2 protein chains.
Amino acid sequence: MTARIREFLRTRRPEGPCLVVDLDVVREKYLSFARAMPDTRVFYAVKANPAPDVLSLLADLGSCFDCASIPEIEMALAAGATPDRISFGNTIKKERDVARAHQIGIRLFAVDCEAEVEKIARSAPGARVFCRILSDGADAEWPLSRKFGCDPEMAPAVLEHAHRLGLEAYGVSFHVGSQQRNTEAWDGALASAASIFREMAERGITLKMVNMGGGFPTKYLRQVPEVGAYGQSITSAIRKHFGNRLPETIIEPGRGMVGGAGVIKAEVVLISKKSVKDDVRWVYLDIGKFGGLAETMDEAIRYPILTERDADEKTPCVIAGPTCDSVDVLYEKTPYDLPVSLAIGDEVLIEGTGAYTTTYSAVAFNGFAPLKAYVI
Amino acid sequence: MTARIREFLRTRRPEGPCLVVDLDVVREKYLSFARAMPDTRVFYAVKANPAPDVLSLLADLGSCFDCASIPEIEMALAAGATPDRISFGNTIKKERDVARAHQIGIRLFAVDCEAEVEKIARSAPGARVFCRILSDGADAEWPLSRKFGCDPEMAPAVLEHAHRLGLEAYGVSFHVGSQQRNTEAWDGALASAASIFREMAERGITLKMVNMGGGFPTKYLRQVPEVGAYGQSITSAIRKHFGNRLPETIIEPGRGMVGGAGVIKAEVVLISKKSVKDDVRWVYLDIGKFGGLAETMDEAIRYPILTERDADEKTPCVIAGPTCDSVDVLYEKTPYDLPVSLAIGDEVLIEGTGAYTTTYSAVAFNGFAPLKAYVI
């Protein structure tokens, strides 16, 4: 929570649930990444929050952009980024989108299999490709599935295929898992990347770049390490595995860049008990899983929730959203302590919601409008 | 799949993933509910699919509407429904929305606790309220959480509170769980409802209506009973529990009304393996959890997927969506058999997708547009 957000909410009093993003926090965060890893280029993961003012600020600061689709590429360009500062980082692309990106001037593409390499060779001839490898995501609060990346043992064949088809086999990427609180987590993946660099060199192909992905955390209820600690740990892991032949490196922070810059203002719609015997109250908010808080799925992310009565005694509550969908429950397996004095109509502030909220909103579920956002 | 949908897709060849809804199927389904339960009013659950043409058709056929929000109420009115044919069926309502509904002329409201009763007494004086009770949802493919409804033992106090505050304590509602394949599942909840009717009569208050909710299934991969079988079973359960003092009854089909009327056309974007040792292919479509298939959450609903190569040998696949989100995987725990000959660029047809797809789409996640829909 920042003074600017508090002041905005106090003076503007926006109607309905909304996200407020403080650009000062985004700027400070970008600068802390730049300071912590001065030799690493930052590719902001646009999907985390593609608000035009966020993208413009980052473009002005010198950020590059990791884009998942043609619309995201167009947003990055509209914000002032040049095509050489954009990576088409989705490993799953329609060939007509590859062609469109190439036409726009994009030259850096992610792949994780030979079929994707072939699309790029046909529709973006000569482009640079990096191969994403699987990483176990140990220690991440939200380990990734096997959806993206191939077994590291398969990567040399994918990259050599690219080389033979006239593409520039440019490097390797990985992702250590979302909300990664262990600053050492990059070590194992960097070891795999270095091993692929050596294997490719033996095949006569010189890789140049390691894309170390995202995973940098937002502070929710638990403390997380500072960006500087990640920088130190990652820098020493790169030196350890690559020696004095340091590759170009890039990172793709999304959550770590904007998560902490946003606060959602919501309202208590109802407080009830299901039975006279129940101890736990049900607290229903005007925002839920389908209104922007999709990342409460499986109660994965536990957002800090502030009320004006936090000095009062607290007791456990189930927290749910406003839709007629029974899965629209935010916290139930582990109830959430809220003040006993909390009342219908009270405002609540949900911190750490700058990333993965607005764009996850359902377009019209139950007739509710998508989450509004104010970038200040 | 209907001939009209096939013909539409063949001649119109819409670009990108889309839902096509056949109104003939919706009409036939409405008529089968009306035939199966001639003394029961149908309140279509608008949230299942609020497409204007669907609502207009149902309004013309004489349907009433179960609405979750003011925008849904406005859509039902725009489709030609009069306010007396609309229920504000969400148990979680802002008081200003209750006031707005009352101003529009809505007179029927759901409640499940005294606090909600008080909002309605203040902002919709004299309205009819029905109290939702918890039901165990046994046998449902997707049992509901405890989010909606109160313990049946608590319902008389809630309804008496309504009566004392000048509202019309009108009845009881329940929901036996989504995709309920057991036609007998209504029996236990009807027994609870009848018991509440008796308890209220002892308190001098005559309830009039039982809202038997939704739960009527769509045919996905497994067979489901016909609507007529539900009608017979429910009608005999009502007679068993209410004897010759039959209450007014309503049902709220949503999925059961429109699920089977829709087919999503999608495209295979990528097919790959994660390792040379893997047997399972990963098949990536241009639609996933955030593009309309939210109900694949926990692999709850297993949609029939048709390809043009279904005569060929099939082997197990993981099926995933196109976004850079690792949870955007549709079927992995139980892989899905698809033809070995399936190729990138192939069209696939996903059946049973008329309900809970378009409105669940993320507004812009990864820059992808929400699911388009054509109602024919």
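Residues numbered from 1 in each chain as written. Chains lettered and ligands numbered in written order. Predicted model: local features only at pLDDT ≥ 70, side-chain atom pairs only at ≥ 80, totals over all residues. Heavy atoms only, no water.

- Naming follows an unreviewed UniProt entry, where chain A appears as ornithine decarboxylase of Prosthecodimorpha staleyi.
- What UniProt states about chain A under its Sequence similarities (unreviewed entry) heading is, verbatim, "Belongs to the Orn/Lys/Arg decarboxylase class-II family."
- Under Cofactor (unreviewed entry), UniProt gives the following word-for-word description of chain A: "pyridoxal 5'-phosphate". (UniProt positions renumbered as here; feature names shortened; annotations may be inferred.)

## Here's the deal with the interface of chain B and chain A
Part 1 of the argument: Listed by partner, the interface residues are 74 residues for chain B and 74 residues for chain A.
Part 2 of the argument: When chain B packs against chain A, close to 5700 Å² is buried across both sides, 60% of that on carbon and sulfur atoms.
Part 3 of the argument: Here chain B is connected to chain A by 18 salt bridges.
Part 4 of the argument: Residue B:Glu267 pairs with A:Lys94 through a salt bridge whose shortest N-O separation is 3.8 Å.
Part 5 of the argument: Linking chain B with chain A are 40 residue pairs in polar contact (both at pLDDT 80 or more), by the criterion used here.
Part 6 of the argument: Every element with two or more residues in the side of chain B that touches chain A is listed here: α4 (70-78), α6 (114-123), β12 (262-272) and β13 (281-285) of chain B.
Part 7 of the argument: A total of five residues in the side of chain B that touches chain A trace back to one element, the largest contributor, which is β12(B).
Part 8 of the argument: Grouping the amino acids of the side of chain B that touches chain A by side-chain chemistry returns 35 nonpolar, 17 polar and 22 charged. (Contact = heavy atoms within 4.5 Å. Buried area = accessible area lost by both parts, 1.4 Å probe. Salt bridge = Lys/Arg side-chain N within 4 Å of Asp/Glu carboxyl O. Polar contact = N/O pair within 3.5 Å; in protein donor to acceptor, adjacent residues only side chain to side chain. Helix = DSSP H or I, 4+ residues; strand = E, 2+ residues; numbered from the N terminus. Nonpolar A, V, L, I, M, F, W, Y, C, P; charged D, E, K, R; others polar.)

## What about the environment of A:Met154?
Part 1 of the argument: By the element assignment, A:Met154 lies in the loop between β7 (140-142) and α7 (155-164).
Part 2 of the argument: Along the primary structure A:Met154 and A:Cys67 are separated by 87 residues, whereas in three dimensions their C-alpha atoms are 25 Å apart.
Part 3 of the argument: Aside from chain neighbours lying at most four places away, what touches A:Met154 is A:Asp112, B:Lys273, B:Lys274, B:Ser275 and B:Val276.

## Points about the pairing of strand β17 (residues 347-351) of chain B
Residues and elements named next belong to chain B.
Part 1 of the argument: For β17, the buried fraction is high: four of the five residues fall into the buried class.
Part 2 of the argument: Pairing between β12 and β17: five bridges, direction antiparallel. Paired with Ile264 across the two strands is Ile350, which belongs to β17.
Part 3 of the argument: Of the pairings in the sheet, the one linking strand β14 (residues 305-307) to β17 comprises three bridges and is antiparallel in character. Among the inter-strand pairings, Thr307 is bridged to a residue of β17, identified as Val348. (Buried < 20%, exposed > 50% of the residue type's maximum accessible area, 1.4 Å probe, protein only. Pairing = 2+ DSSP bridges.)

## Brief notes about the relation of the copies chain B and chain A
Part 1 of the argument: Between chain B and chain A, the superposition needs a rotation of 180° and an axial shift of 0.0 Å, giving an RMSD of 0.0 Å. The transformation relating the two chain copies, once decomposed into turn and shift, fits a two-fold axis.
Part 2 of the argument: Taken together, the interface assignments show that 100% of the residues at the interface of chain B recur at the interface of chain A, consistent with an identical surface on both copies. (Least-squares fit on C-alpha atoms with pLDDT ≥ 70 in both.)

## Side note on the UniProt feature "modified residue: N6-(pyridoxal phosphate)lysine" (unreviewed entry) in chain A
Part 1 of the argument: The positions UniProt marks with the feature "modified residue: N6-(pyridoxal phosphate)lysine" (unreviewed entry) are A:Lys47.
Part 2 of the argument: A:Lys47 sits in the buried class, given a relative accessible area of 11%.

## Some thoughts on the state of the cysteines
Part 1 of the argument: For the structure on display, the rule yields zero disulfides over all chains.
Part 2 of the argument: Looking at A:Cys324, it has no disulfide partner, and the nearest cysteine sulfur is the one in B:Cys67, 9.8 Å off.
Part 3 of the argument: Given a relative accessible area of 18%, A:Cys324 falls into the buried group.
Part 4 of the argument: Here B:Cys64 stays free of any disulfide, with the sulfur of B:Cys67 as its closest cysteine sulfur at 10 Å. (Disulfide = S-S within 2.5 Å.)

## As for the pattern of salt bridges
Residue and element names in this part refer to chain A.
Part 1 of the argument: In this structure the tally under the stated criterion is 56 salt bridges over all chains.
Part 2 of the argument: For Glu116, the salt bridge is made with Lys93, and the minimal N-O distance between the two is 3.1 Å. Linking Glu116 in helix α6 (residues 114-123) with Lys93 in the loop between β4 (86-88) and α5 (95-104), this pair joins segments that are 23 residues apart in sequence.
Part 3 of the argument: Taking the relative accessible area as the measure of exposure, Glu116 reaches 0% and is therefore buried.
Part 4 of the argument: A residue is classified by how much of its surface remains accessible, and Lys93, at 1% relative accessible area, is buried.

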